[in-house]
Amino acid sequence: MLWQYVPIAILLVLSTALAVLIVLLDALLGPRKPTFRKLSPYESGMVPIGPGMRRQPVRFYLIAMLFLLFDVEVIFLLPWAVTFRKLGLFGLVEMLVFIAILLVGYIYAWKKGALEWE
Amino acid sequence: MDTTLLLEWTIKAVILIFILLTGFAYLTLMERKVLARIQVRLGPNRAGPYGLLQPVADGIKLLFKESIIPAKADKVIFVLAPLITVIPALVINAVLPWGRTVTVFGRQVSLYVANINVALLYVMAIASIAVYGVTLAGWSSNNKYALLGGLRSAAQMISYELALGLSLLGPVLLAGSLSLVDIVEAQRRMWYIVYQPLAAVIFFITSVAELNRAPFDLPEAEQELTAGYHTEYSGMKFALFYMAEYVKMITVSALFAVLFLGGYLGPFESQYPWLGPIYLVLKILVGLYVLIWLRATLPRFRYDQLMRLGWKVLFPLALLNVVVTAVIVVLMG
């Protein structure tokens, strides 16, 4: 069965070669006249204020945590959906229980205000 | 035997990359032309007839531009980020079925690069890698706009990925397979957009958000973030980001056609298999036109509206769609 992935590997090698070639051509063909102003961070023409990397809102991190939780649910549902016709009613009830448990977590996150973005 | 098979795969991969790159080049022209027409302008029409050589001119210009790497940027990641973005965008198309088996020079050739039994899972997995490219590009630039654009982009893409994954389950439940070829063949009686209208709508909205395109183009909102995560990129490195975005537009249109519009199916396709790719390309063109049309007509969302739509509307709706579909499949036997 693993041989089916050989074409994908070939495509991966070819695309990587193409992308690397483009970056190399870019380095070879373009002019190279760096100046101090040119290499400083772009900030709409102003002199940059403060460092480029600064602390960011923790909300982004919260979104990533929630994503992990619920994405695992989606991944669990995929094999279930494929074999669903064989599982029949049993599979349906099992998955309804699974979704119900996750719904509790979803409602909890909603009530706690984790989904708000003010 | 093995060498000919390897040769066949390599030729198919080269042709696929060629199609995607040509498609990318002319999609940029199509976008500019359609946008221009909607805004009562002419659009590019100087390079060649109807501006047909415009993409070539653009490519050559970008190739000979100075490519700047900012002094305080993380140089290795700065160069790697466009590669990480563009390679998955190309590789994801390996599982797209363009048609059934055809005969070329007396040899049976199937019109896809690979038909694996976990095709949809593969699509979801590879599509997630693009988030890394965008985030790393924003982080390594040492630029406020870029960092904020990259973070916004990552949060938006993972938020909408949930509803996207759930909307894929509808067609999978009906077809009983993750292979895109099987899903297309299961639509011979009726296109899935008829059985799964809600899933189709959710898939379309979420994939526009995954593409970071209007009205979900907050990561590159010009008025506040100049260009978002690729603010500091120039020359061909910028072109690689551009290429990834447009190749992904083609992929999303193709996936929509495959999952909901019957892919390569169409009248007389069973007698003449060569009609398959033509039907698929027509369906892709319709999808691309709608994407451009959206950009020309809809204003941008605000970030809290975007998050509310993704988490509080699309995610529960997609989950409901899965449950209802499952119940109906059980009831119908």
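Keep in mind the model is a prediction, meaning the values are calculated, not measured.

Draft legend 1. Region of the structure containing the overall build of chain A. Assigned secondary structure in chain A consists of four helices and zero strands. When the helices and strands of chain A are placed in sequence order, the string is α-α-α-α. For a compact globule of 118 residues, the expected C-alpha radius of gyration is about 13 Å, and chain A comes in at 25 Å, more than 25% above that figure. Sorting the 118 residues of chain A into buried and exposed places 16% on the buried side.

Draft legend 2. Region of the structure containing the interface of chain A and chain B. In this assembly, 56 residues from chain A lie in contact with 65 residues from chain B. Elements that contribute at least two residues to the side of chain A that touches chain B include exactly helix 1 (6-29), helix 2 (36-39), helix 3 (59-82) and helix 4 (84-111) of chain A. A total of 18 residues in the side of chain A that touches chain B trace back to one element, the largest contributor, which is helix 1 of chain A. Of the residues assigned to the side of chain A that touches chain B, the class counts are 39 nonpolar, nine polar and eight charged.

Draft legend 3. View of the nonpolar core. Residue and element names in this part refer to chain B. Of all hydrophobic cores here, the largest spans 131 residues; its most connected members are Val95 and Val123. With 20 residues, helix 5 (residues 144-175) is the single largest residue contributor to this core. Residue contacts for Val95: discarding those within four places in its chain leaves Tyr112, Ala114, Ile116, Ala119, Tyr122, Val123 and Leu180.

Draft legend 4. Representation of the packing of helix 3 of chain A against helix 4 of chain A within the structure. All names here are of chain A. Close contact between helix 3 and helix 4 brings their axes to 10 Å; oriented N to C, the two are set at 170°. When the axis of helix 3 is compared with that of helix 4, the two are roughly antiparallel. Where helix 3 approaches helix 4, its residues Leu66, Leu69, Glu73, Trp80 and Ala81 are matched on the opposing element by Phe84, Gly91, Met95, Leu102, Gly105 and Ala109. Split into classes, the residues belonging to the contact of helix 3 with helix 4 amount to eight nonpolar, two polar and one charged.

Draft legend 5. Geometry of unusual backbone geometry. Residues and elements named next belong to chain B. Phi is positive for Val40, close to 55°, though the residue is something other than glycine. If you trace the backbone, Val40 turns up in the loop between helix 1 (2-38) and helix 2 (54-63). Residues other than glycine seldom take positive phi values, yet Asn142 does so here, at roughly 55°. Structurally, the position occupied by Asn142 is in the loop between helix 4 (119-140) and helix 5.

Draft legend 6. Up close: the packing of helix 4 of chain A against helix 12 (residues 303-332) of chain B. Relative orientation of the contacting elements helix 4 of chain A and helix 12 of chain B amounts to 145°, with a least axis distance of 9 Å. Our pair here, helix 4 of chain A against helix 12 of chain B, has a crossing hand that is left-handed. Between helix 4 of chain A and helix 12 of chain B, the residues in contact are Phe84(A), Gly88(A), Leu89(A), Leu92(A), Met95(A), Leu96(A) and Ile99(A) and Leu319(B), Val323(B), Ala326(B), Val327(B), Val329(B) and Val330(B), respectively. Here the residues of the contact of helix 4 of chain A with helix 12 of chain B sort into twelve nonpolar, one polar and no charged.

Draft legend 7. Structural view of helix 8 (residues 197-210) of chain B. All names here are of chain B. Spanning 14 residues, helix 8 covers 20 Å between terminal C-alpha atoms, matching the ideal 20 Å at 1.5 Å per step. In terms of burial, helix 8 is largely enclosed, as eleven of its 14 residues are buried. Looking at helix 8, one finds that the buried residues are Ala199, Ala200, Ile202, Phe203, Phe204, Ile205, Thr206, Ser207, Val208, Ala209 and Glu210. Where helix 8 terminates, the next one or two residues include Asn212, which has phi positive at roughly 60°.

Draft legend 8. Inspection of the environment of Ser128(B) at higher detail. Residue and element names in this part refer to chain B. Mapped onto the fold, Ser128 is located in helix 4. Using a count of 16 C-beta atoms within 10 Å as the deciding quantity, one classes Ser128 as partly exposed. For the pair Ser128 and Ala154, spaced 26 residues apart in sequence, the C-alpha separation works out to 9.8 Å.

Draft legend 9. Spotlight on the environment of Asp74(B). Residue and element names in this part refer to chain B. Looking at the element boundaries, Asp74 is found in the loop between helix 2 and helix 3 (75-91). The partly exposed category is assigned to Asp74, around which 17 C-beta atoms lie within 10 Å. A C-alpha to C-alpha distance of 8.5 Å links Asp74 and Trp139, two positions 65 residues apart in sequence.

Reading the values: the criteria
Residues numbered from 1 in each chain as written. Chains lettered and ligands numbered in written order. Predicted model: local features only at pLDDT ≥ 70, side-chain atom pairs only at ≥ 80, totals over all residues. Helix = DSSP H or I, 4+ residues; strand = E, 2+ residues; numbered from the N terminus. Rg over C-alpha atoms; globule rule 2.2 N^0.38 Å. Buried ≥ 20, exposed ≤ 12 C-beta atoms within 10 Å, placed from the backbone. Contact = placed C-beta atoms within 7 Å. Nonpolar A, V, L, I, M, F, W, Y, C, P; charged D, E, K, R; others polar. Core = buried A, V, L, I, M, F, W, Y, C linked by C-beta atoms within 7 Å. Axes fitted to C-alpha atoms, helices over the stretch in contact; angles between N-to-C directions. Parallel < 35°, antiparallel > 145°, perpendicular 65-115°, else oblique. Left-handed = near helix turned anticlockwise from the far one by under 90°. Expected span 1.5 Å × (residues − 1).

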